[in-house]
Amino acid sequence: MGHTTLDKIKALQKNPANIRNLCILAHVDHEEKDYLINLIDSPGHVDFSSEVSTAVRLCDGAIIMVDAVEGVCPQTQAVLRQAWLENIRPVLVINKMDRLIMELKFTSQEAYTHLQKILEQVNAVTGSLFTSKVLEERADKEKEKDKEKEKEKEDIDPMGCSGSEQVYDWSAGLEDSDDSQLYFSPDQGNVVFASATDGWGFSIQQFANIYSQKMGIRGEVLRKTLWGDFYLHAKAKKIMKGTKGKKPLFVQLVLDNIWSLYDAVDKVEKMMLSLGVKVMARDSRHSDPKVLLSAICGQWLPVSQAVLSMVCEKLPSPLDMTSERIEKLMSVGARRFDSLPTQTQELKTAFMQCSCEDTAPVIVFVSKMITVDAKSLPQNKQRPLTQEEITQRRELARQRHAERQATTGSQAVLSQMQALTVAAKPEDEGKQIFVAFARVYSGVVRRGQRVFVLGPKYNPAQGLRVLPEGSTSMTGSLPPVPHLACCTLDSLYLLMGRELEDLEEVPPGNVLGIGGLEECVLKSATLSTSPALPPFIPLNFEATPIVRVAIEPKHPSEMPKLVRGMRLLNQADPCAEVLIQETGEHVLVTAGEVHLQRCLDDLRERFAKIKISVSKPIIPFRETVVKPPKVDMVNEDLGKQQKVAVIHQVKESDTLHLDPSGLVTLTTPNRQATVGVRAVPLPEEVPLLLEGSADLIRTLEQAGQAQRDGRFLDMSPRTHDALLGLKSKLEGLLQGRKWRNAVDRIWAFGPRRHGPNILLNSVEGYQRPSVWHCLERDKGEKDGDNAIRDFDNSIVSGFQLATLSGPMCEEPLMGVCFSVERWEMNFPIQPSSSESPADTAGQPEGRGEAGRVCETAQAEGAVARPSQQRRHEDIGAGVVDCYGPFSGQLIAAVKEACRHAFQAKPQRLMAAMYTCEIMATAEVLGRVYGVLGKREGRVLQEEMKEGTDMFIIKAVLPVAESFGFADEIRKRTSGLASPQLVFSHWEVIGSDPFWVPTTEEEYLHFGEKADSANQALKYMNAVRRRKGLYVEEKIVEHGEKQRTLGKNK
């Protein structure tokens, strides 16, 4: 393909219909005549799936790359899901077709069957995503119909139908939905078969055009019949349906020719003559036949032509953006598009039209910040010399040659030469500059333009209310608005691989780089000239940051450089997180071992440029409680002996009492409050549900907080229905006598108010609104605010602190329900001279009395106010302040009560687990199992891939044992097996870290010391030792000999 000039690219940028923004999810080169293709390459490793997320947001289409041998991998499913969530259209490239010929030695018929299975696997993933979406929409429509029927209150349908519609036919939605453009099929033109290493690739359309001329069959007929159960009837010269033992048309006309090309490289002359291909002399004389093969295939079926013609025909342009995608981008959190201000909804037209007019609002989304060397910026590059400068330099060179002997003259000429030389400044060498990687959705972006930077919590309704009507980012002296800032676009760049080209303006629909935003944008942001635009929804990251390391410089004096380098790394990597712990450690959190190594290399070589020391990986754990086991460590019936091993950690005092049933009662130091808490393990499914619904619970908490503040959070119907569905699922999981009405009594979730632990209100007589109260606004329960006690938040805060760091090793709790069964308050009488008894008697009585609340305290006004602002005169009248010292004592009491209640139950550690998928041959299966067993792994499934000698092993592996796992398994199998690790779930470690032998059988089996390996105790002590907590272990045992300084023997 010919070289494209910058002027031609600028001209193509002004025609959005011929622009294709796409991300490639593994590899290929690009460019096509009269089309501008912005191609974003993203890594294929599962640790870097965050790079895929940043790419798909800026694109309208995606090229999905699938290995012809391995087929659909976990990462393939992940990228298909990400493309689906962003509403972009994918096309498929099945690469490495040459491996089917050279490695697996497939015949053309076997290869056809294998390719059919790969397409079925890919379409199965896409179909499951489509089905779930259709069923959700169908359920939403049915719920809307039910609401309309309830409003109308009609027993008979107006159409004359009876109540038979109560039985829903879920398949009806699938039959009515259009899925013609959904699946991958070669006859639709959205599949390309390729071998990038040999330089060839083809689609069905290319061979249809070739054979339509040779066979005299219409190209449209061949496009529909080249893939599928069709064969060519030789005598009738017709294409017949059904193979009936015949070769399929795809095998006969396509694959057989490619297979024969690989088999008969020696018959080159005849083959090149039949294909009409000319090969360079050096390629034809090359000793390696693969070079000649690549030269022939590259001219006969060039892969670039096949892929890019598919991209131009099948992928949409910026003008084809769907309204569904636009509404989804603008609907953040619980907001629905219909509830946004009118001016905000009108921006949807600007998205659809991609207008270049001056009046169109500028809308830009920055998906990530990339770093480039300062010397690679266009303004710092050495520009080409003009003809006048060349002439001037020639004259100076002649003068220098003529005056070689004159020292002063030569120095003057040399200084003039240096003045003409354009080079980067010494201080710019090695300096990293941030360039924002962005896309223009509307309007024309110009250099020097002022735009708004919309924070993730920016509310356009508030912005329109505060700012003057008609104001834009170009308006001067605007009043301050929360989460809204202004910045100037210093420079615009065209991204040409590693090269950057200066631009004065960029039309809509294009991808660009923006300089000068490092002070305004951290990782991603929404930019606009209109304050009516809401921030785009956050990027969806598949990978969860799970691997932590502590970093410190080799030389303490270089700490400022490390801090600056980690700040730059945090800004440059979309998935990496940088934290400073309470201990002062600088912690780096990454998605996996490969991602961690990449971040450390960047820190050493690009950002900090110092030598650093890296700690061993900080493994996250969770703490939980389980039901008392019925058998001991040797499978003997335990009976009542378990209590001896469990309750030994809880020591009673004058303020702490432990009931035999596990109820912990604790009194505050000032004796004004007593709290009774019991810890109960949640069913296994509940923590998983709560973890997966963290965003919903966060929205629920925001709605509840808004209601307590006297505000109203407009929630989308889908979010409202999802919260009701979450409530019904919890009710279905929490069954039994002890969980009766438990969902309606949920006080809070924790930690951080959206975690997998529950605080339950079991106080007799204390009727407070549950967390679901904000969902019941239609039922008229408006008086819920008045029922909240002053010290209600103190109970919740103590619960949040207790769940954030457990008693075992200060790790967060998971799957624990704390039931508050007793809460007594006893305030001292503090009469006030400013109020009479008659006045105090007239104050409202506190609702929901918990245990025993003194009447005097109620008379003094110890009730909650509808808002968080208390009157100062109430505090002066003798009421105990809910934000004073007593509140802190109550928080500490609740925290300690929860910790002691936790210790009164059988405690367990929970380990983070990877799902591990390994593809290996039969010869190395034993070695793979050996490595898995050594690292506490567990094999879940093993199956043989049809048509090959490869086995696919699915296993789970603790994150704590995963470091070095990939290297070890490659070494042990000589590179014949490589694993893919994806974070999956949290799993309870079966062994009790506090276990000691108690029964006679255990003493016989384990001995008095019981010093056999306890995996949970090993993990717990490692975490405690790292955090500087007390570790109960013996340094020296059975010391029989004293060693002194005088005699070291």
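As a reminder, the structure under discussion sits directly above these lines.
The structure presented is a predicted model; accordingly, all values stated were derived computationally and were not measured.

Draft legend 1. Highlighting the overall build of the protein chain. Looking only at helices and strands, the protein chain features 33 helices and 33 strands. Going through the 1049 residues of the protein chain one by one, you find that 48% of them count as buried. Of the accessible surface of the protein chain, which amounts to about 53500 Å², a share of 50% is contributed by carbon and sulfur atoms.

Draft legend 2. View of the packing of aromatic side chains. One pass over the full model with this rule turns up 20 aromatic pairs. Summarising the aromatic geometry, the rings of F351 and F536 are spaced 5.9 Å apart at their centres and angled 40 degrees between planes, so their arrangement reads as tilted. Placement of the pair is F351 in helix α15 (residues 342-353) and F536 in the loop between β18 (525-528) and β19 (547-553), with a sequence separation of 185 residues. For the pair formed by F351 and F536, the shared burial category is buried. Aromatic side chains F621 and Y1019 sit 5.2 Å apart centroid to centroid with 35 degrees between the ring planes, which places their arrangement in the tilted category. With a gap of 398 residues between them, F621 in strand β23 (residues 621-625) and Y1019 in helix α33 (residues 1015-1027) connect regions that are remote in the sequence. Like F621, the residue Y1019 is buried in the burial classification. Aromatic ring contacts, followed pair by pair, group Y112, F193, W200, F202, F207, Y211, W227, F250 and W300 into a single cluster. Above the ring of F365, the side-chain terminus of R57 is found at 5.0 Å from the ring centroid.

Draft legend 3. Representation of the packing of helix α14 (residues 323-330) against α15 in the model. Direction vectors running N to C along α14 and α15 enclose 135 degrees, while the axes themselves pass 10 Å from each other. Considering their axes alone, α14 and α15 lie oblique with respect to each other. α14 and α15 meet at a crossing whose hand is right-handed. In this structure, α14 uses S323, I326, E327 and M330 to contact α15, whose residues at the interface are T344, L347, K348, F351 and M352. Split into classes, the residues belonging to the contact of α14 with α15 amount to five nonpolar, two polar and two charged.

Draft legend 4. Just the environment of L775, in detail. Relative to the helices and strands, L775 resides in the loop between β28 (757-761) and α25 (792-804). Sequence separation between L775 and H720 is 55 residues, and the spatial gap between their C-alpha atoms is 7.2 Å. With residues up to four places along the chain from it excluded, the contact list for L775 reads L700, M715, H720, L723 and L724.

Draft legend 5. Fine view of the pairing of β19. Most of β19 is tucked away: five of the seven residues are buried. By the bridge criterion, five bridges tie β19 to strand β21 (residues 586-590) in an arrangement that is antiparallel. Within β21, the residue paired with V549 across the bridge is L588. As paired elements, β19 and strand β22 (residues 612-614) share three bridges and run antiparallel to each other.

Draft legend 6. Structural detail: the side chain of T526. One can find T526 in strand β18. In this structure the side chain of T526 is engaged in a polar contact, spanning 3.1 Å, whose partner is the backbone nitrogen of F536.

Draft legend 7. Layout of the sheet that holds strand β10 (residues 432-442). Taken together, the eight strands give an open sheet; going across it, the order is β13-β12-β18-β9-β10-β17-β14-β15, and neighbouring strands pair in antiparallel fashion. The open sheet is flanked by β13 (484-488) and β15 (499-503), the only strands paired with a single partner. Averaged over neighbouring strand pairs, the angle between their axes works out to 40 degrees when direction is ignored. Direction of pairing for strand β12 (residues 450-454) relative to β13: antiparallel, over a ladder of five bridges. Residue pairing in the sheet places L454 in a bridge with L484 of β13. Sheet strands in contact with helix α1 (residues 6-13) are β14 (491-496) and β15, and its direction is about 65 degrees off that of β15. Running over the sheet, helix α19 (residues 559-572) touches β9 (363-373) and β10 and is turned about 135 degrees from β9.

Draft legend 8. Structural view of the packing of helix α23 (residues 694-708) against helix α24 (residues 717-733). For the pair α23 and α24, the least separation of the axes is 10 Å and the interaxial angle reads 110 degrees. Taken together, the axes of α23 and α24 lie roughly perpendicular to each other. Together, L696, I697, T699 and L700 of α23 and T719, A722, L723 and L726 of α24 make up the contact between the two elements.

Draft legend 9. Representation of the environment of V46 in the model. Inspection of the secondary structure assignment puts V46 in the loop between β2 (36-41) and α2 (49-57). Residue classification places V46 among the buried residues on the basis of a relative accessible area of 10%. When the C-alpha positions of V46 and G592 are compared, they lie 8.7 Å apart, and in sequence the two are 546 residues distant. In this structure V46 touches Q75, A543, L981 and V982, once residues within four positions along its chain are discounted.

Draft legend 10. Up close: helix α31 (residues 965-972). For α31, the full list of buried residues reads F965, A966, E968 and I969. Projection of α31 onto a plane perpendicular to its axis shows the buried side chains occupying an angular sector of 165 degrees, all on one side. Where α31 is buried, its residues contact α20 (593-607), β30 (907-921), α30 (925-934), β32 (950-958) and β33 (978-988). Positive backbone phi, at 55 degrees, marks S974, one or two positions downstream of α31.

Draft legend 11. Just the nonpolar core, in detail. In this structure, I514, L517, L588 and I918 are the most contacted members of the largest nonpolar core, which totals 68 residues. Broken down by element, this core gets its largest block of residues, six residues, from β30. A68, V72, L92 and V251 belong to the second-largest nonpolar core, a separate cluster that totals 54 residues.

Draft legend 12. Geometry of the pairing of β14. Pairing geometry for β14 and strand β17 (residues 511-515), over three bridges, is antiparallel. Residue pairing for β17: Y493 is matched across the bridge by G513. Pairing of β14 with β15, which is carried by five bridges, proceeds in the antiparallel orientation. Residue pairing across strands places L494 opposite E501, the latter belonging to β15.

Draft legend 13. A positive patch on the surface, seen in detail. A cluster of basic side chains, namely K375, K431, R564, R567 and K609, defines a positive patch on the protein surface. Relative to the helices and strands, K609 resides in the loop between α20 and β22. On the basis of relative accessibility, which here comes to 44%, the residue K609 falls in the partly exposed class.

Draft legend 14. Broad picture of the pattern of salt bridges. Across all of its chains, the model carries 29 salt bridges by this definition. Across the pair R439 and D60 runs a salt bridge, and its minimum N-O distance is 3.0 Å. Separated by 379 residues along the polypeptide, R439 in strand β10 and D60 in the loop between α2 and β3 (61-67) bring together distant segments of the chain. A relative accessible area of 1% places R439 in the buried class. Given the relative accessible area of 4%, D60 is considered buried. R446 is the salt-bridge partner of E505, the closest N and O atoms lying 3.5 Å from each other. Of the two residues, E505 is situated in strand β16 (residues 505-506) and R446 in strand β11 (residues 445-446); the sequence distance between them amounts to 59 residues.

Draft legend 15. The sheet that holds β19, seen in detail. Pairing is antiparallel in the open sheet, where four strands are placed in the order β20-β21-β19-β22. Unpaired on one side and paired on the other, β20 (577-580) and β22 mark the two borders of the sheet. Across the sheet, the mean angle from the axis of one strand to that of its neighbour is 30 degrees, orientation sign disregarded.

Draft legend 16. Region of the structure containing unusual backbone geometry. At the junction of G750 and P751, the peptide bond is cis and its omega measures out at 0 degrees in the coordinates. With respect to the helices, strands and loops of the structure, P751 is situated in the loop between β27 (746-750) and β28. Of note, K105 is a non-glycine position whose phi angle comes to about 55 degrees, a positive value. Backbone geometry places R671, a non-glycine residue, at a positive phi of 65 degrees.

Scoring rules and cut-offs
Residues numbered from 1 in each chain as written. Predicted model: local features only at pLDDT ≥ 70, side-chain atom pairs only at ≥ 80, totals over all residues. Heavy atoms only, no water. Helix = DSSP H or I, 4+ residues; strand = E, 2+ residues; numbered from the N terminus. Buried < 20%, exposed > 50% of the residue type's maximum accessible area, 1.4 Å probe, protein only. Areas by Shrake-Rupley, 256 points an atom, 1.4 Å probe, with all protein chains shown as cover. Phe/Tyr/Trp six-rings, centres within 6.5 Å; stacked < 30°, edge-to-face > 60°. Lys NZ or Arg CZ within 6 Å of the ring centre and 35° of its normal. Axes fitted to C-alpha atoms, helices over the stretch in contact; angles between N-to-C directions. Parallel < 35°, antiparallel > 145°, perpendicular 65-115°, else oblique. Left-handed = near helix turned anticlockwise from the far one by under 90°. Contact = heavy atoms within 4.5 Å. Nonpolar A, V, L, I, M, F, W, Y, C, P; charged D, E, K, R; others polar. Pairing = 2+ DSSP bridges. Polar contact = N/O pair within 3.5 Å; in protein donor to acceptor, adjacent residues only side chain to side chain. Arc of directions from axis to C-beta. Core = buried A, V, L, I, M, F, W, Y, C linked by side-chain atoms within 4.5 Å. Patch = residues over 30% accessible without salt bridge, like charges linked within 9 Å, V, L, I, M, F, W, Y side chains within 5 Å. Salt bridge = Lys/Arg side-chain N within 4 Å of Asp/Glu carboxyl O. Lys, Arg positive; Asp, Glu negative; His and termini not counted. Charge placed at Lys NZ, Arg CZ, Asp CG, Glu CD.

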